[in-house]
Amino acid sequence: QVQLVESGGGLVRTGGSLRLSCAASERTFSSYRMAWFRQATGKEREFVATISVDGGITTYADSVKGRFIISRDNAKKTMYLQMNSLKPDDTAVYYCAARLPIGLQWNYWGQGTQVTVSS
């Protein structure tokens with residue numbers, strides 16, 4: 001039902017910034033809790049950040065806290081991830097995901113966008 005498309009990835013140097021976007025096709029986008037995950041080559045997918053339906057509550061993995069900011073614009077049906085002070089360890093494919101607040105699983109996923117941080 002929900003289709004998600006990430007964009008904004010690219011190649012940056014250590015200390016640089018990128019802003020990722022996740023555009024949703026679902027008209028009821030504002031009903032879904034959203035999140036960012038990432039997966040580095042050879043490693044399992046890991047949690048990055050989540051944001052509540054209204055954007056009022058956000059959570060972050062310790063590894064990105066203070067550097068990344070998750071936000072959403074429900075009118076534009078878009079979620080964002082502002083990534084600052086990037087490190088080589090941030091290199092990964094970044095995925096956006098969606099679920100209803102009462103759900104236990106992240107049911108909807110985008111195709112991912114590659115972020116590469118060079119040293």
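The structure we're discussing is the one just above.
Residues numbered from 1 in each chain as written. Predicted model: local features only at pLDDT ≥ 70, side-chain atom pairs only at ≥ 80, totals over all residues. Heavy atoms only, no water.

Asks: How would you summarise the overall build of the chain if you had to cite specific residues and measurements?
Replies: Scanning the chain for helices and strands turns up zero helices and 11 strands. Ordering the α and β elements of the chain from the N terminus gives β-β-β-β-β-β-β-β-β-β-β. Taking 2.2 N^0.38 as the reference for a compact globule, 119 residues should give roughly 14 Å; the C-alpha atoms of the chain span a radius of gyration of 13 Å, in line with that estimate. Overall, the chain is about 40 × 25 × 25 Å in size when its C-alpha atoms are taken along their principal axes. The buried share among the 119 residues of the chain stands at 39%. Within the chain, residue pairs in contact and separated by at least 24 positions form 54% of the contacts whose partners lie at least 6 positions apart. (Helix = DSSP H or I, 4+ residues; strand = E, 2+ residues; numbered from the N terminus. Rg over C-alpha atoms; globule rule 2.2 N^0.38 Å. Buried < 20%, exposed > 50% of the residue type's maximum accessible area, 1.4 Å probe, protein only. Contact = heavy atoms within 4.5 Å.)

Asks: I'd like to hear about the sheet that holds strand β1 (residues 4-7), residue by residue, with values.
Replies: As summarised here, the arrangement of the four strands in space is β1-β3-β8-β7, forming an open sheet in which the pairing is antiparallel. Both outer strands of the open sheet, β1 and β7 (68-73), are each paired with one neighbouring strand and no more. This sheet shows a mean twist of 15 degrees between the axes of neighbouring strands, independent of strand direction. Across six bridges, strand β3 (residues 18-24) lies against strand β8 (residues 78-83) in antiparallel orientation. (Pairing = 2+ DSSP bridges. Axes fitted to C-alpha atoms, helices over the stretch in contact; angles between N-to-C directions.)

Asks: Tell me about the packing of aromatic side chains, and please be specific about residues and values.
Replies: With the rule as written, the count across this model stands at five aromatic pairs. Consider the rings of Y32 and Y108, whose centres lie 6.1 Å apart with planes at 85 degrees: the pair is edge-to-face. Here Y32 is found in the loop between β3 and β4 (33-39), whereas its partner Y108 is found in strand β10 (residues 108-109), with 76 residues between them in sequence. The buried category is assigned to Y32, whose relative accessible area is 10%. An angle of 80 degrees between the planes, with centres 6.5 Å apart, marks the rings of Y95 and W109 as edge-to-face. With Y95 in strand β9 (residues 92-99) and W109 in strand β10, the pair connects residues that are 14 residues apart, well separated along the chain. Residue class for Y95 comes out buried when judged on its relative accessible area of 15%. Taking relative accessible area as the criterion, W109 reaches 32% and is therefore assigned partly exposed. Three or more aromatic residues link up through ring pairs in this structure, and these residues are F37, F47, Y95, W106 and W109. In this arrangement the basic side chain of R19 is found over the ring face of Y80, its NZ or CZ atom lying 4.1 Å from the centre. (Phe/Tyr/Trp six-rings, centres within 6.5 Å; stacked < 30°, edge-to-face > 60°. Lys NZ or Arg CZ within 6 Å of the ring centre and 35° of its normal.)

Asks: Tell me about the pattern of salt bridges, residues and numbers included.
Replies: With the rule as written, the count across this model stands at four salt bridges. Among the salt bridges present, the one from K65 reaches D62, with a minimum N-O distance of 3.3 Å. For the pair shown, K65 and D62 are each scored as exposed. Residue D90 is joined to R67 by a salt bridge in which the shortest nitrogen-to-oxygen separation is 2.7 Å. (Salt bridge = Lys/Arg side-chain N within 4 Å of Asp/Glu carboxyl O.)

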